[in-house]
Amino acid sequence: MTAEIIGTSEGELGLRERKRIATRRAIQLAALELASERGFDHVTVDEISHAANVSPRTFFNYFPSKESAIIGELPELPDEASIERFIEAGPAEPILDGLGRLLIAAIETGDLDGGLDGSDAGDAASAKELHALRRTLLKGNPELFAQRMASMHKFEDALSAVVQRRLAHDDPDLAADEEAVHQRARLVTYVAFAGMRHAWSCWADHGGVEPLADRLRSSFAQLQALGGQLD
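Residues numbered from 1 in each chain as written. Predicted model: local features only at pLDDT ≥ 70, side-chain atom pairs only at ≥ 80, totals over all residues. Heavy atoms only, no water.

A. Focus on the packing of aromatic side chains. Scanning the entire structure with this criterion turns up three aromatic pairs. Note on Phe 59 and Phe 63: the rings are 6.1 Å apart at their centroids and 50° apart in plane angle, and the pair reads as tilted. This pair shows no difference in class: Phe 59 is buried, exactly as Phe 63 is. Aromatic rings pair up to connect Phe 59, Phe 60 and Phe 63 into one cluster. (Phe/Tyr/Trp six-rings, centres within 6.5 Å; stacked < 30°, edge-to-face > 60°. Buried < 20%, exposed > 50% of the residue type's maximum accessible area, 1.4 Å probe, protein only.)

B. Representation of helix 5 (residues 80-88) in the model. Among all positions of helix 5, only Ser 82, Ile 83, Phe 86 and Ile 87 are buried. Summarising the axial view, the buried residues of helix 5 lie within an arc of 135°, below the 170-degree limit, and thus occupy one face. Across from the buried face of helix 5, at angles greater than 90 degrees, the exposed residues are Arg 85 and Glu 88. Capping the start of helix 5 is the job of one residue whose side-chain oxygen sits 3.1 Å from the backbone nitrogen of Ala 81: Asp 79. Residue Gly 90 follows helix 5 closely and has a positive phi angle near 85°. (Helix = DSSP H or I, 4+ residues; strand = E, 2+ residues; numbered from the N terminus. Arc of directions from axis to C-beta. Polar contact = N/O pair within 3.5 Å; in protein donor to acceptor, adjacent residues only side chain to side chain.)

C. Unusual backbone geometry, seen in detail. One non-glycine residue, Asn 53, lies in the positive phi region at around 60°. Within the secondary structure, Asn 53 sits in the loop between helix 2 (45-52) and helix 3 (56-62). Owing to a relative accessible area of 71%, Asn 53 belongs among the exposed residues under this scheme.

D. Structural context of the side chain of Ser 160. Of note, Ser 160 is situated in helix 8 (residues 142-170). The contact partners of Ser 160, leaving out residues within four places of it in the chain, are Ala 185, Arg 186 and Thr 189. (Contact = heavy atoms within 4.5 Å.)

E. Region of interest: the packing of helix 6 (residues 95-108) against helix 10 (residues 178-205). It is at 11 Å that the axes of helix 6 and helix 10 come closest, and there the two elements cross at 55°. Judged by the inter-axis angle, helix 6 sits oblique to helix 10. For the crossing formed where helix 6 meets helix 10, the hand is right-handed. Counted together, Ile 95, Leu 96, Leu 99 and Leu 103 of helix 6 and Val 188, Val 191, Ala 192 and Met 196 of helix 10 form the full contact between these two elements. Partitioned by chemical class, the residues of the contact of helix 6 with helix 10 number eight nonpolar, no polar and no charged. (Axes fitted to C-alpha atoms, helices over the stretch in contact; angles between N-to-C directions. Parallel < 35°, antiparallel > 145°, perpendicular 65-115°, else oblique. Left-handed = near helix turned anticlockwise from the far one by under 90°. Nonpolar A, V, L, I, M, F, W, Y, C, P; charged D, E, K, R; others polar.)

Rendered as C-alpha cells:
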C-alpha cells in the first residue's frame, strides 16, 4: 500500500511539473511570436496571456514582466549547500571541475533548458522555434539584448565572489592579498564562462533539444582536455 501511494504521488508530481514546464514555454512562445509580428513595444501582458491561454495572474506567477518572458531564463547560483561543497572541496579538486559541477547544479535546479530531455518530437520542434525567435528578437532589439547581458554580468559577479571564497579557502597566503585573490577569481570565472558560453552556443545551434547540462559537461570536458595540452 505504501509503495502504491508513493508511486501515485511521484506520478502526480511528474504530471504537475510537465504542466508547469508546458505553461512556461507557452507563455514564452506567445510573447516571442507576438513581439515578432507586432514589435516588442506593441505587445502587452494581457495580449500575451490571452495568446498563451492563461490569465494575467498566471503570467505573473511565471514572469515578472513581458521583457523577462522574451529574454528567457538566465542562470542563478545553486543552493548554499552546493556552494559550500564547492568551497570546501579543497586543492585536491581542480577548480574548473568544481565550477563545472556548480554550473550544472545551477542549470539542473532551474529552467534554462525548459525541462527538455529530447525524447518528445513535439517538444523538440517547440524548443527549436522558441530559440530561433528569441535569437532574432534579441538581435533586432538592442535594449532587450542589453537587459540579458546585464543579467549575465550579475551572475558573473556572483559566481566570481564564490570563486574568490574558494581560492581564499585553498590558499591562505593568496587570501592575504585582496587584490591578487580578486583578480585570480575574475580570471577563473572568465575561463568558466567561456566553457558555459560554448555549451550554450552549441545547445542553441542544435535547437535546444537536448539537456543543457549534458552540453555543459561536454564543454567543460573539452576545456579540461585543452588545459592538459597546454601544461
